[in-house]
Amino acid sequence: MIDRVEVPEPDDPEAALAAVVALRRLANQLERAAVAHALRDGWTWAQIGQALGVSAQAAHKKLAPKKGA
Amino acid sequence: MALLHALKDVRTIKTLLTRAGAEAVRSGDDLPGPEHLLLSALALPDGTAAAAFTHLGVDPGDFRTAVDRTHRDALDHLGLTVGDGLDDLPGADTPAGPYRMTASGQQAFQRAVTLSKETKPSLLRAAHIVIAVCEQGRGTVARALQTQGIDRIHLAAAAREALATP
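Scoring rules and cut-offs
Per chain, residues are indexed from 1 in the order of the written sequence. Whichever chain is written first becomes A and whichever ligand is written first becomes 1, with later ones labelled in order. Only residues with pLDDT of at least 70 are given local features in this predicted model, and only at 80 or more are side-chain atom pairs given and counted; all residues enter the totals for whole chains, interfaces and linings. As a rule here, side-chain values cover all heavy atoms of the structure and leave hydrogens and water aside. In this description a helix means any DSSP run of H or I spanning at least four residues, a strand means any run of E spanning at least two, and both kinds are numbered starting from the N terminus. Throughout, exposure labels follow a simple rule: accessible area from a 1.4 Å probe, protein chains only, divided by the maximum for the residue type, with under 20% read as buried, over 50% as exposed, and the rest as partly exposed. Here, residues are in contact when the closest pair of their heavy atoms is within 4.5 Å. Salt bridges are counted wherever a side-chain nitrogen of Lys or Arg sits within 4 Å of a carboxyl oxygen of Asp or Glu. Convention adopted: a line fitted to C-alpha atoms gives each axis, helices being fitted over their contacting stretch, and angles between N-to-C directions are expressed from 0 to 180 degrees. Geometric relationships in this document are graded by angle, where less than 35 degrees denotes roughly parallel, more than 145 denotes roughly antiparallel, 65 to 115 denotes roughly perpendicular, and other angles denote oblique. Residues adjacent in sequence count toward polar contacts only when both atoms are side-chain atoms; beyond that, a polar contact is any pair of N or O atoms within 3.5 Å, and within protein one must be able to donate a hydrogen and the other to accept it. Here the nonpolar group is Ala, Val, Leu, Ile, Met, Phe, Trp, Tyr, Cys and Pro; Asp, Glu, Lys and Arg are the charged ones; every other residue, Gly included, is treated as polar.

(A) Region of the structure containing the overall build of chain B. Of regular secondary structure, chain B possesses eight helices and zero strands. In terms of its C-alpha atoms, chain B occupies a principal-axis envelope of roughly 55 × 35 × 25 Å. Considering chain B as a whole, with its 166 residues, one finds that 46% of them fall into the buried category. For chain B, the share of sequence-separated contacts (at least 6 apart) that also reach a separation of at least 24 residues comes to 69%.

If you want it as structure tokens, here you go:
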């Protein structure tokens, strides 16, 4: 899936900062998708919180699926 | 009349910010920023944001694709290819409570409000958001417009024209 990750040269801040924004967004997307799978697999919010290094309440507040979804 | 305008303004702002928040949630961003404000503005019923894009011969609906492509291009630059597995994110609730935005989102919104006070009637319209985000030379909106071949100065001019058109 990932062949290699090359940190952009610091002399190209435009590209490097755009990459930072895109990586943050990607991390959020991956987090939300993975939590949805974990919930389907029967994980509790306490377990999800542990895996993410946050409290169960914090994980639930940020990542609970949309009501009715 | 002033009261009616004020009420209309409040409704527009509420719709704009609520939709911008939903756009941020949809795309997995923590908080809405200028690109989400613009996406939200493109759907506002006054139609002036969409008219600015159309005036330049660009489909307003293409901006969303341009934002996604901008982020993918930035990851490509790292040699990081993202598959299609994250395209359909599970839904999430838009955070309740006071509207929160990124610093650049707040800056764009406040600038749009200032611009709206300079026009008669002093109502916030979608094109004010277009002008405000076009003034930001860095960031996702600037990069996305660039990938679309859109000059920000031309888009802002088209937005001013849309505002002047009855």
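(B) Representation of the pattern of salt bridges within the structure. All told, the structure shown has nine salt bridges over all chains when counted by the stated rule. Between A:Arg25 and B:Asp68 there is a salt bridge, with its nearest N and O atoms 3.3 Å apart. Placement of the pair is A:Arg25 in helix α1 (residues 13–40) and B:Asp68 in helix α4 (residues 62–77), with the two residues belonging to separate chains. Among the salt bridges present, the one from B:Glu23 reaches B:Arg64, with a minimum N-O distance of 2.7 Å. With B:Glu23 in helix α1 (residues 2–27) and B:Arg64 in helix α4, the pair connects residues that are 41 residues apart, well separated along the chain. Overall, the relative accessible area of 13% leaves B:Glu23 in the buried class. Via salt bridges that share partners, A:Glu14, B:Arg138 and B:Arg143 belong to a single interconnected network.

(C) The arrangement of the packing of helix α2 (residues 45–52) of chain A against helix α3 (residues 56–63) of chain A in detail. All names here are of chain A. Where α2 meets α3, the closest approach of the two axes is 7 Å, and the angle between their N-to-C directions is 95 degrees. Relative to α3, the element α2 is oriented roughly perpendicular. Contact with α2, carried on its side by Trp45, Ala46, Ile48, Gly49 and Leu52, involves Ala56, Ala59, His60 and Leu63 of α3 and no other residues of that element.

(D) Fine view of helix α7 (residues 140–147) of chain B. Taken as a whole, α7(B) has its buried residues at B:Thr140, B:Val141, B:Ala142, B:Ala144 and B:Leu145. For α7(B), the secondary structure elements touched by its buried residues are α1 of chain A together with α2 (34–42), α3 (48–55), α4, α6 (126–134) and α8 (152–164) of chain B.

(E) Seen up close, the interface of chain A and chain B. Taken together, the contacts link 27 residues of chain A with 26 residues of chain B. Connecting chain A to chain B are four salt bridges. Joining chain A to chain B, the criterion identifies eight residue pairs in polar contact (both at pLDDT 80 or more). In terms of residue count, α1(A) provides more of the side of chain A that touches chain B than any other element does, 15 residues in total. Residues that form the side of chain A that touches chain B fall into these classes: 16 nonpolar, two polar and nine charged.

(F) Local environment of the environment of B:His128. Residue and element names in this part refer to chain B. Within the fold, histidine 128 resides in helix α6. Each C-alpha atom, one on histidine 128 and one on leucine 75, is 31 Å from the other, the two residues being 53 residues apart in sequence. If sequence neighbours within four positions are ignored, histidine 128 has contacts with Ala112, Leu115, Ser116, Thr119, Leu123 and Leu163.

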